[in-house]
Amino acid sequence: MDLSVMAADFARELGPAQRIVERKQTIPILAYVKVVGNGDDSLAVTATDIEVGFHTLCRAVVARPGETLLPAKCIFDLARSLPEMALIRVVADHARVSISAPSYSAKLQIPDVADYPMVAVGRETPIAIDRNALVAILARVLPATDAESANRDYTISGVLVEIKEGRWTVVA
């Protein structure tokens, strides 16, 4: 893989991804983001902590398509520290990746990209919902996610939203 990406574009997409990656290092490969350089001059960025997955696309100039892993915190800090228009170049061959940018160059040994956990990527189908209707729906289910509940044996901290044939089911 050989690609170049603008620092501002990369930082914008890496921001949410690097907040998901595993920080405790219990599973070391989760400290990485998977990047895939596509032939259509786009860069796919994927991150997971096994429970939560994140996938996004970014503009890039892809000279040679491919995929690799990049250390999430390191690459995000680099992209954020560079001027917006600076280019970051990523060249990967098997278990080695070379990252270069103005005043920065690194060669890293990385885990095999085939070992990275699969992240389900849903189709982007935009939906529209009236703001007041969404507020009313969430007002009914969010109290059930309260971490300050009297029962400390378990805590529900999420909301399931299912949309089928225009009908919403929201459960906490």
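Please refer to the structure placed before this passage.
K.L.:
An account of the packing of helix 1 (residues 7–20) against helix 2 (residues 72–81) is requested, with residue identities and associated values reported.
P.N.:
Here helix 1 crosses helix 2 at 145°, and the two axes come no closer than 8 Å. Crossing angle aside, the handedness with which helix 1 passes helix 2 is left-handed. When helix 1 is examined against helix 2, the residues Ala-7, Phe-10, Ala-11, Leu-14, Gly-15 and Gln-18 are found in contact with a partner set consisting of Ala-72, Ile-75, Phe-76, Ala-79 and Arg-80. Considered class by class, the residues forming the contact of helix 1 with helix 2 number eight nonpolar, two polar and one charged.

K.L.:
Provide a residue-level description of the sheet that holds strand 4 (residues 53–59), including the pertinent values.
P.N.:
If you trace the four strands from one edge of the open sheet to the other, you get 4-3-2-6, paired in antiparallel fashion. Looking along the sheet, the strands with just one partner apiece sit at the ends: strand 4 and strand 6 (66–71). Sheet twist, expressed as the average angle between the axes of neighbouring strands with direction ignored, equals 25°. Two elements, strand 2 (residues 32–38) and strand 6, share six bridges in a ladder whose sense is antiparallel. Among the inter-strand pairings, Lys-34 is bridged to a residue of strand 6, identified as Leu-69. In this fold helix 1 packs onto strand 2, strand 3 (42–48), strand 4 and strand 6, with an angle of close to 175° to the strand it touches most, strand 4. Sitting on the sheet, helix 2 touches strand 2 and strand 6, and the angle it makes with strand 6 is about 90°.

The rules we used
- Residues numbered from 1 in each chain as written.
- Predicted model: local features only at pLDDT ≥ 70, side-chain atom pairs only at ≥ 80, totals over all residues.
- Heavy atoms only, no water.
- Axes fitted to C-alpha atoms, helices over the stretch in contact; angles between N-to-C directions.
- Helix = DSSP H or I, 4+ residues; strand = E, 2+ residues; numbered from the N terminus.
- Left-handed = near helix turned anticlockwise from the far one by under 90°.
- Contact = heavy atoms within 4.5 Å.
- Nonpolar A, V, L, I, M, F, W, Y, C, P; charged D, E, K, R; others polar.
- Pairing = 2+ DSSP bridges.

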